[in-house]
Amino acid sequence: MPYATPSILRVVENFRQVGFRGFWRQLQYIGDTKAGTFVGEDQHGNKYYQNLNETIWRHRWVDYSSHDFNASQVPPEWHAWLTHIRQDVPTADPIMIQSHQPWQRAHFENITGTRGAFKTYSTTKPKVTEWESKVAPRA
């Protein structure tokens, strides 16, 4: 039975399917309770689920492997599946499997704002120079 809006019946049904521990974890991480079919896992350990009885455009979701998560941790092939660009999961989609080239780098998350972030530096002489004090020797 598809649920048009989040209802108490849907929450109770999801609680029954995922149990107390899963229910509490989902409330803490995604702010909603969902129960569905496991469809795959990516190279980072993120798990992907689908439930066609959920509200439209909300029936596919990701369970991140890390506590400190962000959207850049989802590889492009799984992002295409989550956002309905691709119909089949990347592990079963022949086009996605064939499109991987040997020269492509492995996916990694955006590290902006961390110690590993790229920081630019200038190779030109600054327009304003710092003042350097010069101490004359005493006579």
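These lines cover the structure that appears in this document, whether it is placed above or below. Being a predicted model, the structure only gives us computed values, none of them experimental.

**Let's talk about the sheet that holds strand 2 (residues 47-50)**
What links the strands of a sheet is backbone hydrogen bonding, and the strands pair in either a parallel or an antiparallel sense.
So, point 1. The sheet built from three strands is open, its strands ordered 1-2-3 with antiparallel pairing. Where the open sheet ends on each side, the last strands, each with one partner, are strand 1 (37-41) and strand 3 (60-63). Between one strand axis and the next, the sheet turns through 30° on average, direction left out of account.
So, point 2. Across four bridges, strand 2 lies against strand 3 in antiparallel orientation. The residue bridging Tyr48 from the neighbouring strand is Val62, located in strand 3.

**Details of the pairing of strand 2**
So, point 1. Bridge count between strand 1 and strand 2: four bridges; the pairing is antiparallel. In the strand pairing of strand 2, Thr37 is matched with Gln50.

**Structural notes on the pattern of salt bridges**
Oppositely charged side chains can form a pair if their charged atoms are brought close together.
So, point 1. Tallied over the entire structure, the rule returns six salt bridges.
So, point 2. Glu54 is paired through a salt bridge with Arg10; the nearest N and O atoms lie 3.1 Å apart. Of this pair, Glu54 sits in the loop between strand 2 and strand 3 while Arg10 is found in helix 1 (residues 8-29), placing the two residues 44 residues apart along the sequence.
So, point 3. Note on Glu54: relative accessible area 5%, which makes it buried.
So, point 4. Exposure remark for Arg10: the relative accessible area of 2% places this residue in the buried category.
So, point 5. Notably, a salt bridge pairs Glu13 with Arg16, separated by 2.7 Å at the nearest N-O pair. Of this pair, Glu13 and Arg16 are both found in helix 1, three residues apart, which corresponds to roughly one turn of the helix.
So, point 6. In the salt-bridge network here, residues are joined through shared partners; they are Arg10, Asp32, Glu54 and Arg58.

**Quick look at helix 1**
Counting along an α-helix, one turn takes 3.6 residues, and residues three or four places apart therefore face a common direction.
So, point 1. A rise of 1.5 Å per residue sets the reference length of helix 1, with its 22 residues, at 32 Å; its end C-alpha atoms lie only 20 Å apart and thus fall more than 12% short of the reference.
So, point 2. The principal kink in helix 1, of about 115°, is found at Gly19.
So, point 3. Buried within helix 1 are the following residues: Arg10, Asn14, Phe23 and Gln26.
So, point 4. Of the residues flanking the end of helix 1, it is Gly31, one or two places downstream, whose phi is positive at about 70°.

**Some words on unusual backbone geometry**
Leaving glycine aside, a negative phi is the common case for residues, and trans is the common case for peptide bonds.
So, point 1. The backbone of His84 sits at a positive phi, close to 65°, despite the residue not being glycine.
So, point 2. Structurally, the position occupied by His84 is in the loop between helix 2 (76-82) and helix 3 (94-99).
So, point 3. The partly exposed category is assigned to His84, whose relative accessible area is 25%.

**Considering the environment of Asn46**
So, point 1. Inspection of the secondary structure puts Asn46 in the loop between strand 1 and strand 2.
So, point 2. A relative accessible area of 1% places Asn46 in the buried class.
So, point 3. C-alpha separation for the pair Asn46 and Val62, spaced 16 residues apart in sequence, amounts to 6.7 Å.
So, point 4. For Asn46, the residues in contact, after removing those within four places along its chain, are Gly40, Glu41, Val62, Asp63, Tyr64, Ser65 and Gln73.
So, point 5. Polar side-chain contacts of Asn46 include one of 2.9 Å to the backbone nitrogen of Ser65.
So, point 6. At 3.1 Å, the side chain of Asn46 and the backbone oxygen of Gln73 are in polar contact.

Quick notes on the rules
Residues numbered from 1 in each chain as written. Predicted model: local features only at pLDDT ≥ 70, side-chain atom pairs only at ≥ 80, totals over all residues. Heavy atoms only, no water. Pairing = 2+ DSSP bridges. Helix = DSSP H or I, 4+ residues; strand = E, 2+ residues; numbered from the N terminus. Axes fitted to C-alpha atoms, helices over the stretch in contact; angles between N-to-C directions. Salt bridge = Lys/Arg side-chain N within 4 Å of Asp/Glu carboxyl O. Buried < 20%, exposed > 50% of the residue type's maximum accessible area, 1.4 Å probe, protein only. Expected span 1.5 Å × (residues − 1). Bend = angle between axes of the 7 residues up to and from the residue. Contact = heavy atoms within 4.5 Å. Polar contact = N/O pair within 3.5 Å; in protein donor to acceptor, adjacent residues only side chain to side chain.

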